[in-house]
Amino acid sequence: MNIRKATITDLEGVWTIFAEVIKGGDTFVFDPDTPKSDLKKYWFNENMSTFVIEDNGIILGSYMIKPNQIGLGSHIANCGYMVSPNARGKGVGKRLCEHSIQTAIAMNFEAIQFNIVVSTNTQAVELWRKYGFKIIGTTPKGFQHKTLGLVDTHIMYKALK
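Anyway, here's the lowdown on the structure attached to this text. (Residues numbered from 1 in each chain as written. Predicted model: local features only at pLDDT ≥ 70, side-chain atom pairs only at ≥ 80, totals over all residues. Heavy atoms only, no water.)

**A word on the pattern of salt bridges**
Two side chains that carry opposite charge are able to pair once their charged atoms sit near each other.
Turning to step 1, where the next piece is worked out: The tally for this structure, following the rule as stated, stands at six salt bridges.
Turning to step 2, where the next piece is worked out: Note that Arg4 and Asp10 form a salt bridge whose closest N and O atoms lie 2.7 Å from each other.
Turning to step 3, where the next piece is worked out: For Arg4, a relative accessible area of 25% gives the class partly exposed.
Turning to step 4, where the next piece is worked out: Members of the salt-bridge network, linked through shared partners, are Arg4, Asp10 and Glu54. (Salt bridge = Lys/Arg side-chain N within 4 Å of Asp/Glu carboxyl O. Buried < 20%, exposed > 50% of the residue type's maximum accessible area, 1.4 Å probe, protein only.)

Here is the structure:
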């Protein structure tokens, strides 16, 4: 598996994963009916760096990294990760997490903060904890889960320096 900076030519491969992941309405805030035309602003925006992980030319996952806030809050990174349902359980999420931490350090961020981790997404919560992220807050009923209704969300944080 190889991780590299994404280019606009990767949009189609990333869209395939993005569309599949959000249609469940269980892990991301994006509306399951988000049109493909919105992917550029959500995953390839000029204020973020986007990466893909591929194996034999097939994109298995992607992440984006950006400042969590503008101006005086820009020293903290924010990231989003998506893994193809066909690639789950193969270490793709771990590789993306490791790469994003190193990328954040290289970009001179002080920390990484995830603003909304759905509490019922236990695989993600466990993975982030394994890599040193801590739950620093919980928003009661912060997510409209497609099948479970309103569920809590976590803010997770990892200092880099």
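**Section: helix 1 (residues 11–22)**
Turning to step 1, where the next piece is worked out: For helix 1, with 12 residues, the first-to-last C-alpha span of 16 Å sits near the 16 Å given by 1.5 Å per residue.
Turning to step 2, where the next piece is worked out: Regarding helix 1, the residues found buried are Leu11, Val14, Trp15, Ile17, Phe18, Val21 and Ile22. (Helix = DSSP H or I, 4+ residues; strand = E, 2+ residues; numbered from the N terminus. Expected span 1.5 Å × (residues − 1).)

**Remarks on the nonpolar core**
Turning to step 1, where the next piece is worked out: Among the nonpolar cores identified, the biggest contains 28 residues, and Ile65, Leu96, Ile112, Phe114, Trp128 and Phe133 are the most heavily contacted of them.
Turning to step 2, where the next piece is worked out: Mapped onto this core, the elements with two or more residues apiece are strand 2 (49–55), strand 3 (58–67), strand 4 (76–83), helix 3 (92–106), strand 5 (111–118) and helix 4 (122–130).
Turning to step 3, where the next piece is worked out: Beyond its immediate stretch of four places on either side in the chain, Ile112 contacts Ile76, Ala77, Cys79, Ser100, Ile101, Ala104, Phe133, Met156, Tyr157, Lys158 and Leu160.
Turning to step 4, where the next piece is worked out: Of all hydrophobic cores here, the second largest spans 18 residues; its members include Ala6, Val21, Ile22 and Leu39. (Core = buried A, V, L, I, M, F, W, Y, C linked by side-chain atoms within 4.5 Å. Contact = heavy atoms within 4.5 Å.)

**Looking at the sheet that holds strand 1 (residues 2–5)**
Turning to step 1, where the next piece is worked out: Across the sheet, which stays open at both edges, the seven strands sit in the order 1-2-3-4-5-7-6 with mixed pairing between neighbours. Each edge of the open sheet carries a strand with a single partner, namely strand 1 and strand 6 (134–145). Shown here is a sheet whose adjacent strand axes are inclined to one another by a mean of 25 degrees, direction ignored.
Turning to step 2, where the next piece is worked out: Sheet topology note: the strand 6/strand 7 (residues 149–159) ladder contains eight bridges and is antiparallel. Each bridged residue has a counterpart across the sheet, and for Gly137 the counterpart in strand 7 is Ile155.
Turning to step 3, where the next piece is worked out: Seen against the sheet, helix 3 touches strand 1, strand 2, strand 3, strand 4, strand 5 and strand 7 and runs at an angle of roughly 30 degrees to strand 3. (Pairing = 2+ DSSP bridges. Axes fitted to C-alpha atoms, helices over the stretch in contact; angles between N-to-C directions.)

**Some thoughts on the side chain of Ser84**
Turning to step 1, where the next piece is worked out: With respect to the helices, strands and loops of the structure, Ser84 is situated in the loop between strand 4 and helix 3.
Turning to step 2, where the next piece is worked out: Residue Ser84 is classed as buried on the basis of its relative accessible area of 11%.
Turning to step 3, where the next piece is worked out: Contact partners of Ser84, with chain neighbours within four places excluded, come to Ile17, Leu60 and Gly61.

**Thoughts on the side chain of Thr50**
Turning to step 1, where the next piece is worked out: Within the secondary structure, Thr50 is located in strand 2.
Turning to step 2, where the next piece is worked out: The class of Thr50 is buried, set by a relative accessible area of 5%.
Turning to step 3, where the next piece is worked out: Reaching out from Thr50, the side chain makes a polar contact with the backbone oxygen of Trp43 at a distance of 2.4 Å.
Turning to step 4, where the next piece is worked out: Among all residues touching Thr50, those that are not within four sequence positions of it are Arg4, Lys5, Ala6, Trp43, Phe44, Ser62, Tyr63 and Met64. (Polar contact = N/O pair within 3.5 Å; in protein donor to acceptor, adjacent residues only side chain to side chain.)

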